[in-house]
Amino acid sequence: FTTGAHYRSLALQKKGSILLKTGRQSEGVALLNQVLREYPQTQGAYMALQTLDGINAASITDLLRGEILYYAGRYEESISILERYRRINPKGIWSKAHYLAGLAYQYLGQHEKAIKEFDTVIRRFPQSKVIGDAWMAKARSMQALGEDPATLYEEFVRHYPAHERALEALWKAAT
């Protein structure tokens, strides 16, 4: 009945919670876990996570938990969970974990730590899906520290001239 992720996640979260309250445990748990997997960037996912944690029924990775916590504004918790994810998953999706931790540090105003996380993505995971986002986020943190990120944007374009964010980087380098 809706295609908007935020509204849909809230509707499904409410439905899952009602299923739990009416004794339809397995259906409710399945629906709430679906919300976590399909809509991690929404308030509905955070509410579903709280409900599932209350009954010890969240079946997700720490990477997904860290992402949900990040988008819910629970930055310190997100960083902690993402660090745990990296410790116990030697072959996990570390690039996304470092990237999300960097964003969390950025929102906490800890730009040096954020840059360190983004640099890890840039150096160790150059083919990652979040590589362009990591470069752009690093530039924002540099700017917040009073540095001019123009050379960083230019360097990104030299390394990734065909990347979908290359034109954006050139524009930002020029302004």
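Conventions used here
- Residues numbered from 1 in each chain as written.
- Predicted model: local features only at pLDDT ≥ 70, side-chain atom pairs only at ≥ 80, totals over all residues.
- Heavy atoms only, no water.
- Helix = DSSP H or I, 4+ residues; strand = E, 2+ residues; numbered from the N terminus.
- Contact = heavy atoms within 4.5 Å.
- Areas by Shrake-Rupley, 256 points an atom, 1.4 Å probe, with all protein chains shown as cover.
- Lys, Arg positive; Asp, Glu negative; His and termini not counted.
- Charge placed at Lys NZ, Arg CZ, Asp CG, Glu CD.
- Buried < 20%, exposed > 50% of the residue type's maximum accessible area, 1.4 Å probe, protein only.
- Phe/Tyr/Trp six-rings, centres within 6.5 Å; stacked < 30°, edge-to-face > 60°.
- Salt bridge = Lys/Arg side-chain N within 4 Å of Asp/Glu carboxyl O.
- Core = buried A, V, L, I, M, F, W, Y, C linked by side-chain atoms within 4.5 Å.
- Expected span 1.5 Å × (residues − 1).
- Arc of directions from axis to C-beta.

Asks: How should I be thinking about the overall build of the protein chain in this particular structure?
Replies: Summing up its helical and strand segments, the protein chain has ten helices and zero strands in all. When the backbone C-alpha atoms are referred to their principal axes, the protein chain occupies close to 60 × 35 × 30 Å. For the protein chain, the proportion of contacts with a sequence separation of at least 24, taken over those separated by at least 6, is 43%. On the protein chain, roughly 9700 Å² of surface is accessible, and the fraction owed to carbon and sulfur atoms is 51%. Here the protein chain carries 23 positive and 18 negative side-chain charges, and the mean point of each set is 7 Å from the other.

Asks: How should I be thinking about unusual backbone geometry in this particular structure?
Replies: The phi torsion of most residues other than glycine is negative, and most of the peptide bonds are trans. A positive phi angle, near 55°, is found at N56, a position not held by glycine. Within the secondary structure, N56 sits in the loop between helix 3 (43-54) and helix 4 (62-71). When its relative accessible area of 73% is taken as the criterion, N56 is described as exposed.

Asks: Hey, could you run me through the packing of aromatic side chains in this one?
Replies: Geometry of an aromatic ring pair is reported as the spacing of the ring centres plus the angle between the planes. Taken as a whole and judged by the stated rule, the model has eight aromatic pairs. An angle of 75° between the planes, with centres 4.8 Å apart, marks the rings of Y70 and Y71 as edge-to-face. An aromatic cluster is defined as three or more aromatic residues linked by ring pairs; in this entry it consists of Y70, Y71, Y75 and Y107.

Asks: Is there a simple way to explain the pattern of salt bridges in this structure?
Replies: Once their charged atoms are close, side chains differing in charge can pair, the charge on each being opposite to the other. Considering all chains together, one arrives at ten salt bridges under this definition. In this structure, the salt-bridge partner of R84 is D62, at a minimum N-O distance of 2.7 Å. You can see R84 sitting in helix 5 (residues 75-88) and its partner D62 sitting in helix 4, a full 22 residues away along the chain. According to the relative accessible area criterion, R84 is partly exposed, its value standing at 34%. The partner of K138 in a salt bridge is D119, with the nearest N and O atoms 2.5 Å apart. Of this pair, K138 sits in helix 8 (residues 131-144) while D119 sits in helix 7 (residues 111-124), and the two are 19 residues apart along the sequence. In this structure K138 comes out as buried when scored by relative accessible area, which is 14%. Given the relative accessible area of 18%, D119 is considered buried. In the salt-bridge network here, residues are joined through shared partners; they are D133, R165, E168 and K172.

Asks: Hey, could you run me through the nonpolar core in this one?
Replies: Across soluble globular proteins, you tend to see nonpolar side chains buried next to one another. Of all hydrophobic cores here, the largest spans 35 residues; its most connected members are Y99, L103, W135 and F156. Counting residues per element, the ones that place at least two in this core are helix 4, helix 5, helix 6 (94-107), helix 7, helix 8, helix 9 (150-159) and helix 10 (166-174). When residues in this core are grouped by element, the largest group, eight residues, is from helix 6.

Asks: Is there a simple way to explain helix 1 (residues 5-21) in this structure?
Replies: The terminal C-alpha atoms of helix 1, which comprises 17 residues, lie 24 Å apart, in line with the 24 Å expected from a rise of 1.5 Å per residue. Residues of helix 1 that are buried include every one of S9, L12, Q13, G16, S17, L19 and L20, and no others. Along the long axis of helix 1, the arc covered by the buried residues comes to 155°, so they all point the same way. Projecting away from the buried face of helix 1 at angles above 90 degrees are the exposed residues Y7, K14, I18 and K21. Buried residues belonging to helix 1 abut helix 2 (25-38) and helix 3. In the stretch just after helix 1, G23 is the one whose phi turns positive, near 85°.

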